[in-house]
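# Secondary and tertiary structure notes
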Amino acid sequence: IFSDSRLDNGAKISRELKAYQNPFTMSRIISYAMAITAVLLVSGIDANQLDTVMNTYRVDTTHCASGCMPWKNTTSAQYWVSPSAMEAAGASCAMPAAAPRAQNYFPWCICALNNEPVSCQYSMSTPEQLNLVLAASDIVVASFVTFEDAPPQIAPVAELGTRENALTTTLAGVSHWYTTSHVSGTPRNYAMHFVRFTGLVPRQRYYYRVKSGITGAAWSDVYSFRAPYDHTSDGGVTRIAIYGDMGNDLHNNQGNLAADCASGAIDAILHMGDHAYNMGDDNDNRGDAYMNAFSKAGADHAPLSRPPSYVFRKGHGAVVCFAHGCSVGCVMFCVLTCVH
């Protein structure tokens, strides 16, 4: 199964092709992926982008002291694909799906003072760009980013449980420090965090939240995912959709991914590479916008997929992965679980 970002996939194509049979191993998934990269299935179904609300981002008050105007009261209301999403967004910073491509290089809003668009800024020590990567049949890695003033000296933390109101297991992870020194402008600091969820029970639904190890760091919202089948115990079929070549504008497929996971048509997503174009532009802000847009698909629809592990951006989609389960180079292989 392969889909360019401009094509729909998972649901239609995964029903037309045989689902992969277990055993579900990373080596087997990669070998299947490499065997079909030369195949392009052309579909007439439209790709659907999601409106992305970034309610942890804030407008810079030095440029817009009056704050943001409710989207429904602006001429930019036309850029929202979902009227209900626009209504729920209120005056929050966002990236409406149908906005001009360059506008969505940042989360933004309309300034109430002058009715002009203004970019928004991230909140410190607040998880974003959250995603899950499938590392083995019983291991999922939660990967996320926070912006910090200095490298964290304490490990990031996740809480995990089988009920949303009972996250009984606390897990520590590792962090990698990254500074945008490869581009012009004032360097920005990223803390890239990874926490392993091990010993997962096949097909069990888990709930989790994450935070940086920095004192006073904010928790993420609570999300959930379903562990994959394990061929040694239940012999079930794991259905995988394969995608590649994406971006952050109207003709992309976050909505399709959400629908395919929500319908149960697929269990996981294998991303083939060309994750986005020029992710390092604007001092890496363009990459942040894309990763947040893809990640927000999981926050707004249940259950659905997350993006691959966080990457170091180098030009046209060339990336280096930091999480287990990825290969290094211009083509990246990452398996993503369907999550909520």
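Residues numbered from 1 in each chain as written. Predicted model: local features only at pLDDT ≥ 70, side-chain atom pairs only at ≥ 80, totals over all residues. Heavy atoms only, no water.

## So, the overall build of the protein
Rule in force here: Starting at the N terminus, helices and strands are each numbered in turn, a helix being any DSSP run of H or I of at least four residues and a strand any DSSP run of E of at least two. Categorising residues by exposure relies on relative accessible area from a 1.4 Å probe, with only protein chains included: less than 20% of the type maximum marks a residue as buried, more than 50% marks it as exposed, and the intermediate range marks it as partly exposed.
Of the regular secondary structure elements, the protein holds 5 helices and 19 strands. Expressed as a percentage of its 340 residues, the buried residues of the protein come to 54%.

## As for the pattern of salt bridges
Where side chains of opposite charge bring their charged atoms close, a pairing between them can arise. Defined as follows: Each reported salt bridge corresponds to a side-chain nitrogen of Lys or Arg within 4 Å of a carboxyl oxygen of Asp or Glu.
With the rule as written, the count across this model stands at 3 salt bridges. Of the charged contacts in the structure, one is a salt bridge between Glu87 and Lys72, with a shortest N-O distance of 3.3 Å. Of this pair, Glu87 sits in helix α3 (residues 83-89) while Lys72 is found in the loop between β2 (58-59) and α3, placing the two residues 15 residues apart along the sequence. A relative accessible area of 48% places Glu87 in the partly exposed class. According to the relative accessible area criterion, Lys72 is partly exposed, its value standing at 48%. We note a salt bridge from Arg209 to Glu159, for which the minimum N-O separation is 2.9 Å. You can see Arg209 sitting in strand β12 (residues 205-211) and its partner Glu159 sitting in strand β8 (residues 157-161), a full 50 residues away along the chain. Glu159 sits in the buried class, given a relative accessible area of 17%.

## Here we look at the nonpolar core
Let me state the cut-off plainly: For this analysis, a nonpolar core means a set of buried residues of the types Ala, Val, Leu, Ile, Met, Phe, Trp, Tyr and Cys, connected via side-chain atoms within 4.5 Å. Two residues form a contact once any of their heavy atoms are found within 4.5 Å.
Grouped together as the largest cluster of nonpolar side chains are 31 residues, with contacts concentrated most on Val59, Trp71, Trp80 and Cys109. At the level of elements, α3, β3 (94-95), β4 (108-110), β5 (117-121), β7 (139-147), β11 (189-197) and α5 (285-300) are the ones that each hand at least two residues to this core. Among the elements that line this core, the one with the most residues is β7, at 4 residues. Beyond its immediate stretch of four places on either side in the chain, Val59 contacts Cys64, Gly67, Cys68, Cys93, Cys109, Val118, Ser119 and Cys120.

## As for the packing of aromatic side chains
Applicable threshold: Stacked, edge-to-face and tilted labels apply to pairs of Phe, Tyr and Trp rings (six-membered ring for Trp) whose centres lie within 6.5 Å, assigned for plane angles under 30 degrees, over 60, and everything in between, in that order.
Going through the model one piece at a time under the given rule, you end up with 10 aromatic pairs. Both rings, one in Trp71 and one in Trp80, keep their centres 5.4 Å apart while their planes meet at 70°; by these two values the pair is edge-to-face. Relative accessible area serves as the criterion here: at 7%, Trp80 is assigned to the buried category. On the basis of an interplanar angle of 40° and a centroid distance of 6.1 Å, the ring pair of Tyr208 and Tyr223 is categorised as tilted.

## Some thoughts on the environment of Gly244
As for its position among the elements, Gly244 is in the loop between β14 (240-243) and α4 (254-263). Along the chain, Gly244 and Leu270 lie 26 residues apart, while their C-alpha atoms are 8.5 Å from each other.

## Side note on unusual backbone geometry
Notably, Ser125 is not glycine yet its phi reads approximately 55°, a positive angle. One can find Ser125 in the loop between β5 and β6 (128-136). Notably, Arg203 is not glycine yet its phi reads approximately 65°, a positive angle. If you trace the backbone, Arg203 turns up in the loop between β11 and β12. For Arg203, a relative accessible area of 24% corresponds to the partly exposed category.

## A short note on the confidence of the model for the protein
The condition is simple: pLDDT runs from 0 to 100 and stands for how confident the predictor is about each residue.
Per-residue confidence for the protein gives a mean pLDDT of 75, with 69% of residues at or over 70. The weakest mean pLDDT in the protein belongs to strand β18 (residues 318-321) at 32; the strongest belongs to strand β9 (residues 169-172) at 98. Between residues 1-24, whose pLDDT stays under 50, and residues either more than four places distant or in other chains, the model counts 87 contacts. For the stretch residues 298-333, pLDDT sits under 50, and the model shows 151 contacts to residues farther than four places along the chain or on other chains.

## Overview of α4
In terms of burial, α4 is a largely internal element, 7 of the 10 residues being buried. Among the residues of α4, those classed as buried are Gln254, Gly255, Asn256, Leu257, Ala258, Asp260 and Cys261. Immediately downstream of α4, the backbone of Gly264 shows phi near 80°, a positive value.

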